[in-house]
Amino acid sequence: MGLSLNHYSIRTHDLDGCRAFYETVLGLTVGPRPDFPFPGLWMYAGDHANYANAAVHIIGVERDDASGLKQYLGERGDAQGQGTGAIDHVAFFATGLAAMLAHLRQLGVPFRERAVPGLGLYQVFVQDPNGVVVEMNYPAAERAALEASTAGR
């Protein structure tokens, strides 16, 4: 059996804030989305012509009338919209570590960093407006090159 991650979905009461985070911080773009009976956005990492590039599905939760959402996806209770529940975080492979670190600093977005022992990965963690932790995994060689370039200054 072949298996790969297609996307993750976030339920939010702040559709605009969530969109802004994924556009501004991660560089995803809003693309085509089926005409579901509830508000939402599909955020793409790549060509909009291929729905498989819709890496993040943002589900708008309407406080006054979530009947379309409940009918289509089911009830999730009052805790929806904050945190990750049983899921600790979601992760992307990425390149361009130096540019991302500069971008996060310029935006004032808090982040955590760490090297993964023995795997050759360098991780950067950010948190979206709903408390979802997003991990970006960069080749450790990018971190070493960044350190080498700053050591020579």
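Keep in mind it's a predicted model, so treat the numbers as computed, not measured.

Here's the deal with the overall build of the protein chain
In terms of regular secondary structure, the protein chain is built from four helices and eight strands. Taken from N to C terminus, the helices and strands of the protein chain fall in the order β-α-β-β-β-α-β-α-β-β-β-α. By residue count, 37% of the 153 residues in the protein chain fall in the buried class. The long-range fraction of contacts in the protein chain, counting pairs at least 24 apart against all pairs at least 6 apart in sequence, stands at 51%. Accessible surface computed for the protein chain: about 9100 Å², of which carbon and sulfur atoms make up 54%.

Quick look at the sheet that holds strand β1 (residues 8-12)
Spatially, the four strands line up as an open sheet ordered β1-β4-β3-β2, and their pairing is mixed. Single-partner strands in this sheet number two, and they are β1 and β2 (29-31). In this sheet, adjacent strand axes meet at a mean angle of 35° when their direction is disregarded. Where strand β3 (residues 40-44) and strand β4 (residues 54-60) come together, five bridges link them in antiparallel fashion. Paired with L41 across the bridge in β4 is I58.

Thoughts on the pairing of strand β7 (residues 121-127)
Of all seven residues in β7, six are buried, a share of seventy percent or more. In this sheet, β7 lies alongside strand β6 (residues 112-116) in antiparallel orientation, the contact comprising five bridges. Bridging across to β7, R114 finds its partner in Q123. Between β6 and β7, which pair antiparallel one after the other, the connecting turn spans four residues, and G118 there sits at a positive phi close to 80°. Pairing of β7 with strand β8 (residues 133-139), which is carried by seven bridges, proceeds in the antiparallel orientation. Residue Y122 lies in a different strand from β8, and its bridge partner there is Y138. Adjacent in sequence and paired antiparallel, β7 and β8 are bridged by five residues, among which G131 carries a positive phi angle near 90°.

Observations regarding the nonpolar core
Core analysis: the largest hydrophobic core is formed by 28 residues, its most contacted members being Y8, Y22, L26, V56, V124 and M136. Elements represented by at least two residues in this core include exactly β1, α1 (15-24), β3, β4, α3 (97-107), β7 and β8. The element best represented in this core is α3, accounting for four residues. With residues up to four places along the chain from it excluded, the contact list for M136 reads L26, F92, A94, M100, Y122, Q123, V124 and V126.

Side note on α1
Three or more residues of α1 are buried, namely C18, F21 and Y22. Taken end-on, α1 shows its buried residues confined to a sector of 90°, consistent with a single buried face. Where α1 is buried, its residues touch β1, β3, β4, β7 and β8.

Rules of the game
Residues numbered from 1 in each chain as written. Predicted model: local features only at pLDDT ≥ 70, side-chain atom pairs only at ≥ 80, totals over all residues. Heavy atoms only, no water. Helix = DSSP H or I, 4+ residues; strand = E, 2+ residues; numbered from the N terminus. Buried < 20%, exposed > 50% of the residue type's maximum accessible area, 1.4 Å probe, protein only. Contact = heavy atoms within 4.5 Å. Areas by Shrake-Rupley, 256 points an atom, 1.4 Å probe, with all protein chains shown as cover. Pairing = 2+ DSSP bridges. Axes fitted to C-alpha atoms, helices over the stretch in contact; angles between N-to-C directions. Core = buried A, V, L, I, M, F, W, Y, C linked by side-chain atoms within 4.5 Å. Arc of directions from axis to C-beta.

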